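Observations on chain architecture
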Amino acid sequence: MVLSQLGGKITNALKKMANSTVIDESQNFGIIYGNKVDLANMDSGTNKRKIIKQVVFDELCKLVDPGVEPFKPVKGKPNIIMFVGLQGSGKTTTCSKMAYYYKNKGWKTSLVCADTFRAGAYDQLKQNATKAGVSFYGSYTESDPVKAAKDGVTNFTIQDYEIIIVDTSGRHKQEKELFQEMKQISDVIKPNNVVFVMDGSIGQSAYDQALAFHSTVPVGSVIITKLDVKHTKGGGALSAVAATKSPIIFFGSGEHIYDLELFDVKSFVGRLLGYGDFRQLFDKIQDSGIEDKAELYEKMIERGDITLRDMYEQYKALQKMGPMDKIMELIPGFNADLLPKGSGEESQVRIHKYMCIMDSMTNKELDNPKLFDQNSGRISRVARGSGHSITVVKQMLEEHKRFSKVFGAMLKKMKGSKRGGMPNMNQLARNMGNMNIGNINIGNMLKNFGGGMDPSSLMKAMKGRK
Ligand SMILES: Nc1nc2c(ncn2[C@@H]2O[C@H](COP(=O)(O)OP(=O)(O)OP(=O)(O)O)[C@@H](O)[C@H]2O)c(=O)[nH]1
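Residues numbered from 1 in each chain as written. Predicted model: local features only at pLDDT ≥ 70, side-chain atom pairs only at ≥ 80, totals over all residues. Heavy atoms only, no water.

Labelled according to an unreviewed UniProt entry, the protein chain appears under the name signal-recognition-particle GTPase, originating from Anaeramoeba ignava. Entered under Catalytic activity (unreviewed entry) in the UniProt record, the comment concerning the protein chain runs "GTP + H2O = GDP + phosphate + H(+)". You can read under Sequence similarities (unreviewed entry) in the UniProt record for the protein chain the words "Belongs to the GTP-binding SRP family. SRP54 subfamily." (UniProt positions renumbered as here; feature names shortened; annotations may be inferred.)

Below is the structure:
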């Protein structure tokens, strides 16, 4: 059976199983659990579904994990990373995302354009390098990709760059010449890691394509792109791992520079089987720094009030976590289809606007928003200073009032209560009925979690997965 079809078949079989009262052994699982589960000889009280689910999960994890340590760059020396993949797989975009990732982790990072084939590749990578805030090398006039790659790598090596990412042109396995050229680039720049980029929606051809690349250059890592695209589960990832015997290191979750997620085998398999992804969610929350703000929250609880400065800090953390719709998709059981299309983007833009406005306020105003009620001249001044209209500043202040009303009530309840006084989701949903982030209604969103769950158990559940 083609490996890429496996994920789909298993998911369907599990769904059938969930809807039936009797387990039918012909339901496809033989391929996965083989002789690992002896259903016939199990006690009648055994939860067979649970056991099968676990075995399927474990076996899929083994298929996605080749048992090879992923490449780790070494500090203080040039780490040359060469990207290869099919045309349109998302190579150029992913190179830039990876550069952004390493730059943010404090590595001296650069991008080299060795795609002299596709008109526009140079401009695309150069613009992305600017967005990512990393150095760029490329040439409009050089038509030899091997020379472009060599010059770029030499240029950055002598300047002590630690991460040098080389983007090459996309190719199909039929294109023998292009494959030869890719090999020449690899022979000349001697990459420490060759990354094979694969579109997550690719079907049956995944195995052959991956093999064609791996037999020409020493692929050491795989990145699966476009896992955010609807109905894309990334079953082809199993084929890519099988063909290259290399670990998947990241996956692409959108078109933006920050849409690159560290790959975790269990999370991925859970996602493949439709279980949601607490691990990713927890990592995002941790990266946002929200957890380091214990002191800030204690002060808020003590005051039972939220200032503009507190709101600014919350926005800052939200911005780091990325668009809201992407975060919500990671919550198991949450139906992301209920969110309006583009809602995540819109909320990011709005949050950015509001933060600019708050940047133009004085410390006194940030700590005491009531000052704006006493003197409307302050609103005009902030509008002028931030480059936004008076209407937008007023909208922002209204948003703060709503925010403060809802959370202020919650904070008052939390003060002095036994388990931190966290209300359950239904209570929160009622309180937040009027609140929006961008065009996402927070009240509706929380109702979607189901009333039984409370935020503190959510946090515990997430931590349990760590
Ligand atoms: N939704 C989504 N789109 C992506 C992702 N990664 C890349 N893309 C989009 O896929 C398209 C192709 O990406 P490129 O980076 O230009 O592809 P490429 O592999 O460099 O293309 P060639 O140079 O022709 O080989 C672009 O529209 C990207 O924005 C992803 O993770 N999610």
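Following the structure, the description resumes.
With respect to the site of the ligand
Of all residues adjacent to the ligand, which total 20 residues, the nearest are Thr92, Thr93, Arg118, Asp228 and Glu255. Measuring from an oxygen atom of the ligand, one finds a backbone N or O atom of Gly252 at 3.5 Å. For the ligand, whose accessible area on its own is 660 Å², the fraction buried by protein is 82%. No other element matches the four residues that helix 4 (residues 91-104) contributes to the shell around the ligand. (Near = heavy atom within 4 Å. Polar contact = N/O pair within 3.5 Å; in protein donor to acceptor, adjacent residues only side chain to side chain. Areas by Shrake-Rupley, 256 points an atom, 1.4 Å probe, with all protein chains shown as cover. Helix = DSSP H or I, 4+ residues; strand = E, 2+ residues; numbered from the N terminus.)

Considering the pattern of salt bridges
Tallied over the entire structure, the rule returns 13 salt bridges. The salt bridge partner of Asp367 is Arg309, with a shortest N-O separation of 2.8 Å. In this pair, Asp367 is assigned in helix 16 (residues 363-367) and Arg309 in helix 13 (residues 308-321), connecting sequence segments 58 residues apart. Look at Arg309 and you get partly exposed, because its relative accessible area is 29%. Where Glu399 meets Arg402, a salt bridge forms, and the shortest distance between an N and an O atom there is 3.1 Å. Residue Glu399 and its partner Arg402 are both found in helix 19 (residues 390-414); the two are separated by three residues, about one turn of the helix. The structure contains a network of salt bridges with shared partners spanning Arg350, Glu399 and Arg402. (Salt bridge = Lys/Arg side-chain N within 4 Å of Asp/Glu carboxyl O. Buried < 20%, exposed > 50% of the residue type's maximum accessible area, 1.4 Å probe, protein only.)

Some words on the packing of aromatic side chains
One pass over the full model with this rule turns up ten aromatic pairs. Ring geometry for Tyr122 versus Tyr140: centroids 4.2 Å apart, planes at 35 degrees, classification tilted. Of this pair, Tyr122 sits in helix 5 (residues 121-132) while Tyr140 sits in the loop between strand 3 (135-137) and helix 6 (145-158); the two residues are 18 residues apart in sequence, bridging distant segments of the chain. Its relative accessible area of 14% is what places Tyr122 among the buried residues. Judged by its relative accessible area of 61%, Tyr140 falls in the exposed class. Both rings, one in Phe156 and one in Tyr161, keep their centres 4.8 Å apart while their planes meet at 65 degrees; by these two values the pair is edge-to-face. Side by side, Phe156 and Tyr161 carry an identical accessibility label, which is buried. (Phe/Tyr/Trp six-rings, centres within 6.5 Å; stacked < 30°, edge-to-face > 60°.)

Things to note about the pairing of strand 4 (residues 163-168)
In terms of burial, strand 4 is largely enclosed, as six of its six residues are buried. Along strand 4, one buried face is formed by Ile163, Ile165 and Asp167 and the opposite face, lined by Ile164, Val166 and Thr168, is buried too. Pairing of strand 1 (residues 79-85) with strand 4 involves five bridges; the strand directions are parallel. Residue Ile81 lies in a different strand from strand 4, and its bridge partner there is Ile165. Summarising the sheet, strand 2 (residues 109-114) and strand 4 pair through six bridges and their orientation is parallel. Paired with Val112 across the bridge in strand 4 is Val166. (Pairing = 2+ DSSP bridges.)

Some words on the sheet that holds strand 8 (residues 260-262)
An order of 3-2-4-1-5-6-7-8 is seen for the eight strands of this open sheet, with the pairing classed as mixed. Looking along the sheet, the strands with just one partner apiece sit at the ends: strand 3 and strand 8. Strand-to-strand twist of the sheet, defined as the mean angle between neighbouring strand axes without regard to direction, takes the value 25 degrees. Two strands pair when backbone bridges link them, and strand 7 (residues 248-252) and strand 8 are joined in this way by three bridges, in the antiparallel orientation. Among the inter-strand pairings, Phe251 is bridged to a residue of strand 8, identified as Glu261. Of the strands in this sheet, strand 1 and strand 4 are in contact with helix 7 (residues 176-189), which crosses strand 1 at around 175 degrees. Seen against the sheet, helix 8 (residues 206-214) touches strand 1, strand 5 (193-199) and strand 6 (219-225) and runs at an angle of roughly 160 degrees to strand 5. (Axes fitted to C-alpha atoms, helices over the stretch in contact; angles between N-to-C directions. Contact = heavy atoms within 4.5 Å.)

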